[in-house]
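Notes for the structure review
Now for the letters of each chain:
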Amino acid sequence: MTTLDYSTGKAIPAGAPARPLTKKDYKTLGLSALGGTLEFYDFVVYIFFANVLGRLFFPEQMPEWLRQLQTLGIFAAGYLARPLGGIIIAHYGDILGRKKMFTLSIFLMSLPTLVIGLLPTYEAIGIAAPLLLLAMRVLQGAAIGGEMPGAWVFVAEHVPQKHYGLAVGTLTSGITGGILLGSLIAVGINSWFSTSEINAYAWRIPFILGGVFGMVSVYLRRFLEETPIFKEMAARKSVARELPLKTILRDHRPAIVLVALMTWVLSTAIVVVILFTPAYLQKVFHIPAALSLQANVAATLMLTIGCLVTGWATDRIGTKAVMIIGWGGMAVTSYLFYLGLPGSPESLVVTYALVGFFVGSISLLPIVSVRAFPPAVRFSGLSFSYNMAYAVFGGLTPVLISVGQQYDHLFPAHYVGAMGILGVALAFWPLASKGWKARNLSTP
């Protein structure tokens, strides 16, 4: 009797001792999670200083609504660049190796972040200022499109099967920690500096810090090793011989659909619950900005913890059970949170933190998605499916929420609840719980 490792496709003899996590595994996981935190911080720190950037990089006489629109448009350009960057980086990751592209992606993120912190403003160079800012955001978007799928594949192919969920959950926790880090630094900058000081120079500090720390991560990733699975494929010369994207579009359409639907759930959880809700609390329920941001920090912290717990739980009770509990819990607690608004300051923080914990179920996406594709096209398959879906759903969700709440102020709860139900339904798809071999378990 044997069992199947759905990440590698190899048979594991019954009774074979499970390989424990080694010192090398911990180093790989630690450096990957640290890099993910810093890279995602670099990507999202822009939104925390969008108002300042709008004032400094566009003409003073421009109407406020147009300035805000163009500033957010530059932010959105990063999302639109994700699919192309992800496809290109993943293509070479399946052909040349995971490590090279894993290191390249963080370099492509750190350099533009550092440049943004050093850019002259509109007052100094005119229209070139917003154009340069746009170019840097496009580079950042291309980098994040390759970083997240690359990080998930890199870690998943390093760790033993027994700790697969915990490792991927820990990495996802590190990535979401970038949002928390950005939020904390934004609070710190606004607390330590006056408005005039921020407009004069202090807005540059978070970008310069992100760029410098990112370059340190580039150096540290030199000490990582190529994944054992890619080394084995290279030795057998079974790396992708044709364009990996062509292979996945022809042979792995069910996996593309699965990853796209799970990305819809993930993007809803992040965009609506974590990114959109603070402004929603202030606008609809007139909750003070300071309180809404404090509650958001609590929710983001619990999100980071939830990613860890979700990954650990999949190793203990299985992916299917955790999908049902995690996404079902998100649906229930989102209604508990939104129906209880505005509530008291204490209840706001507690219920927001609770739903934030269940949003940590987003680590199910990489846990499921890495296994949904065979190793030869895994990086490309995950990157294409995830980034294309995120560009669509991540872009449409804010629009849907903005329109929907005009008719029903509980529309965010309905939307998050519906996505939670979709996540539960996906748990019953064998491909989600068993991986790419589930379609043909008799294959040697």
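Residues numbered from 1 in each chain as written. Predicted model: local features only at pLDDT ≥ 70, side-chain atom pairs only at ≥ 80, totals over all residues. Heavy atoms only, no water.

Next up on the list: the overall build of the chain. Across its full length, the chain holds 20 helices and two strands. The buried share of the chain, reckoned over its 444 residues, is 57%. Accessible area of the chain: about 18200 Å², with a carbon and sulfur share of 71%. (Helix = DSSP H or I, 4+ residues; strand = E, 2+ residues; numbered from the N terminus. Buried < 20%, exposed > 50% of the residue type's maximum accessible area, 1.4 Å probe, protein only. Areas by Shrake-Rupley, 256 points an atom, 1.4 Å probe, with all protein chains shown as cover.)

Where nonpolar side chains cluster on the molecular surface, the patch consists of L301, I305, L308, V309 and W312 and spans about 390 Å² of accessible area. The topology assignment puts I305 in helix α14 (residues 289-317). Assessed through its relative accessible area of 34%, I305 is described here as partly exposed. (Patch = residues over 30% accessible without salt bridge, like charges linked within 9 Å, V, L, I, M, F, W, Y side chains within 5 Å. Salt bridge = Lys/Arg side-chain N within 4 Å of Asp/Glu carboxyl O.)

All right, on to the packing of helix α7 (residues 128-156) against helix α17 (residues 364-372) then. Contact geometry of α7 with α17 gives a least axis separation of 10 Å together with a crossing angle of 70°. Put simply, α7 runs roughly perpendicular to α17. Considering how the two elements wind past one another, α7 and α17 form a crossing that is right-handed. Residues W152, V153 and A156 of α7 form the contact with α17, whose own contacting residues are L365, P366 and V370. Here the contact of α7 with α17 is built from residues that sort into six nonpolar, no polar and no charged. (Axes fitted to C-alpha atoms, helices over the stretch in contact; angles between N-to-C directions. Parallel < 35°, antiparallel > 145°, perpendicular 65-115°, else oblique. Left-handed = near helix turned anticlockwise from the far one by under 90°. Contact = heavy atoms within 4.5 Å. Nonpolar A, V, L, I, M, F, W, Y, C, P; charged D, E, K, R; others polar.)

Let us look at α7. Over its 29 residues, α7 runs 42 Å from end to end, which matches the ideal 42 Å to within 8%, given 1.5 Å per residue. With respect to burial, α7 is a largely interior element, 22 of its 29 residues being buried. (Expected span 1.5 Å × (residues − 1).)

Now for unusual backbone geometry. For residues that are not glycine, phi is negative in most cases, and the peptide bond is trans in most cases. For the peptide bond that leads from L341 to P342, omega is 0°, which places it in the cis range. You can see P342 is positioned in the loop between α15 (319-339) and α16 (345-359). Residues other than glycine seldom take positive phi values, yet H286 does so here, at roughly 55°. One can find H286 in the loop between α13 (253-285) and α14. Residue H286 is classed as exposed on the basis of its relative accessible area of 64%.

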